[in-house]
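Survey of secondary and tertiary structure
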Amino acid sequence: RDWSSDVVLFRSKQWYQRRVREGEREREQAERSKLLNRGFTANDNSDTILALDAPFSFNDKASHSNRGLDRLLYTGTEALKQLRDQRSTLDIIKKQMGGIFSSLGLSQTVMKMVERRLTTDQYIFYVGCVLTLLIMFLLLCFAI
């Protein structure tokens, strides 16, 4: 036999690698038999619990918001329908009042004067609203 240092080193590495592989094989065989002989048990820890509470909570909040917006849109639609109905009712009343005034002897010129006064009052009202909002805005800007 050749007992040179290279041969001894090579054989010792082979022997070491063989022992490591045998140890791994024994460890794998032990784990395999342990898993095959293990009975069913319930999970004791929270390793397998899925964290789905946050997405479900978000979904619940989103659907609640969606329902709220639907109710808001429905309420707005109903309010517009009622305003439209009230306008048609007021137009009918205006025509009937015109007929009553003419039967009472009020002339068309008096009716036109009343309507002009009404439009003038509306302009005054809108100008007052705009001035009030402007004053409130200026107070808010300079107060802060």
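Residues numbered from 1 in each chain as written. Predicted model: local features only at pLDDT ≥ 70, side-chain atom pairs only at ≥ 80, totals over all residues. Heavy atoms only, no water.

1. Let's talk about the overall build of the protein
- In terms of regular secondary structure, the protein is built from 3 helices and 0 strands.
- The linear arrangement of helices and strands in the protein, starting from the amino end, is α-α-α.
- Split into buried and exposed, the 144 residues of the protein put 0% on the buried side.
- Just so you have it, the protein exposes about 14,200 Å², and 62% of that area is on carbon and sulfur atoms. (Helix = DSSP H or I, 4+ residues; strand = E, 2+ residues; numbered from the N terminus. Buried < 20%, exposed > 50% of the residue type's maximum accessible area, 1.4 Å probe, protein only. Areas by Shrake-Rupley, 256 points an atom, 1.4 Å probe, with all protein chains shown as cover.)

2. Some remarks on a nonpolar patch on the surface
- A contiguous nonpolar patch, built from Val127, Leu131, Leu134, Phe137, Leu138 and Phe142 and spanning about 630 Å² of accessible area, is present on the exposed surface.
- Turning to its location among the elements, Phe137 is positioned in helix 3 (residues 108–143).
- Given a relative accessible area of 49%, Phe137 falls into the partly exposed group. (Patch = residues over 30% accessible without salt bridge, like charges linked within 9 Å, V, L, I, M, F, W, Y side chains within 5 Å. Salt bridge = Lys/Arg side-chain N within 4 Å of Asp/Glu carboxyl O.)

3. Re the confidence of the model for the protein
- Put simply, the protein has an average pLDDT of 84, and 88% of its residues get 70 or more.
- Looking over the protein, one finds the lowest element-wise mean pLDDT in helix 2 (residues 53–104), namely 87, and the highest in helix 3, namely 89. (pLDDT = per-residue confidence, 0-100.)

4. Quick look at the pattern of salt bridges
- Taken as a whole and assessed by the stated rule, the structure comprises 4 salt bridges.
- Arg27 is the partner of Glu31 in a salt bridge, and the nearest nitrogen-oxygen pair spans 3.5 Å. Linking Glu31 with Arg27, this pair stays in helix 1 (residues 5–37), spanning 4 residues, or about one helical turn.
- Arg117 serves as the salt-bridge partner of Asp121, at 3.5 Å between the closest nitrogen and oxygen. Taken together, the positions of Asp121 and Arg117, both in helix 3 and 4 residues apart, correspond to about one turn of that helix.
- Residue Asp121 is classed as partly exposed on the basis of its relative accessible area of 36%.
- Relative accessible area serves as the criterion here: at 58%, Arg117 is assigned to the exposed category.

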